[in-house]
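Secondary and tertiary structure notes
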Amino acid sequence: MKIKAILIDLDGTITDTERVYQKNWLIAAKKLGYDFFTKEDALSLRSAWRPYGKELMAKRFGDKLDLDKLAEVTTEMTIEELKRDGTKLKPYAKEFLEEVRKYNLKVVLVSATRMDIVKWRLSEVGLSDAFDEVVSAHGTKRGKPYPEPYLFACDEIGVSPQETIAVEDSPNGALSAIAAGCNTVMVPDLTKADEELLNKLYGYCDNLMGVLDYLDV
């Protein structure tokens, strides 16, 4: 089927911000006395819809961890750090977005982050006008790893998921796009895909420019 749109994640895919969040999850956890919260716990929350994250943490820690409070402190610390030190892009992010335009495709940002933060971050890196649509999972019934963010994005631009390539860096994000029926290419950031996820992906590459190899247009 002809590809008509690229749907792409923000944190860890376009902006090199996921590692800042990950560091601050652990610092915030220590501040709040959650010494049992590990790096692996933080990684499992990447792009995750809050109720989904709460279920994960409840299974691991019962009622010992208040994820809402932890996420609030983590977000505050991350925004402060990015305002102070600036937001960096992932390798080839601008080049990739410029190259995709040559294919006459719709380009839609599909982020797990709040819309106000998304717009601020895009402004910081000079990409406010780089997308045909910007979707925040906070505006959908359920966020990643559920399919709603990607289904909503497809509805917004009038294409079927099968006519899109979705680009994600994290397992939760990739599973969201896969569940929606998108042709999903993973460009891993902090962790690689396991064998189960690899078998579900349309493609897998080291950097964004590699995604161009999957454009069958």
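Whatever comes next refers back to the structure up there.
Right, let's walk through the structure included here. It should be emphasised that the depicted structure is a prediction, and the values quoted were computed from it without experimental measurement.

**Description of the sheet that holds strand β4 (residues 164-168)**
The six strands lie next to each other as β3-β2-β1-β4-β5-β6, forming an open sheet whose pairing is parallel. Two strands close off the open sheet at either side, each with one partner strand: β3 (133-136) and β6 (203-204). Of the strand pairs in this sheet, strand β5 (residues 183-186) and β6 are connected by two bridges, and their pairing is parallel. Bridge assignment links M186 to a residue of β6, and that residue is Y204. Along the sheet, helix α6 (residues 115-124) contacts β2 (106-111) and β3; its crossing angle with β3, the most-contacted strand, is approximately 135°.

**Quick look at the environment of Y202**
Looking at the secondary structure, you find Y202 in the loop between α9 (195-198) and β6. By relative accessible area, which is 38% here, Y202 ends up partly exposed. Along the backbone, Y202 and F37 are 165 residues apart, and their C-alpha atoms lie at a distance of 33 Å. In contact with Y202, not counting residues within four places along its chain, are I165, N183, T184, V185 and Y214.

**Comments concerning the packing of aromatic side chains**
What describes a pair of aromatic rings is the distance from one ring centre to the other and the angle between the planes of the rings. Across all of its chains, the model carries six aromatic pairs by this definition. Each ring, one from W25 and one from F37, has its centre 6.2 Å from the other, and the planes form 40°; the classification is tilted. Of this pair, W25 sits in helix α1 (residues 18-31) while F37 is found in the loop between α1 and α2 (39-44), placing the two residues twelve residues apart along the sequence. The pair W25 / F37 is uniform in exposure class, with both members buried. Ring plane angle 50° and centroid distance 4.8 Å describe the contact between F36 and F61, whose orientation is recorded as tilted.

**Comments concerning the side chain of T87**
Structurally, T87 can be placed in the loop between α4 (67-85) and α5 (93-101). The class of T87 is buried, set by a relative accessible area of 14%.

**Digging into the pattern of salt bridges**
Per the counting criterion, the structure on display carries 17 salt bridges. Here K90 makes a salt bridge to D189, at a shortest N to O gap of 2.8 Å. Here D189 lies in the loop between β5 and α9 and K90 lies in the loop between α4 and α5, a separation of 99 residues in the sequence. Across the pair, D189 and K90 agree in class, each one buried. As a salt-bridge pair, E99 and K102 come within 3.2 Å of each other at their nearest N and O atoms.

Cut-offs and rules
Residues numbered from 1 in each chain as written. Predicted model: local features only at pLDDT ≥ 70, side-chain atom pairs only at ≥ 80, totals over all residues. Heavy atoms only, no water. Pairing = 2+ DSSP bridges. Helix = DSSP H or I, 4+ residues; strand = E, 2+ residues; numbered from the N terminus. Contact = heavy atoms within 4.5 Å. Axes fitted to C-alpha atoms, helices over the stretch in contact; angles between N-to-C directions. Buried < 20%, exposed > 50% of the residue type's maximum accessible area, 1.4 Å probe, protein only. Phe/Tyr/Trp six-rings, centres within 6.5 Å; stacked < 30°, edge-to-face > 60°. Salt bridge = Lys/Arg side-chain N within 4 Å of Asp/Glu carboxyl O.

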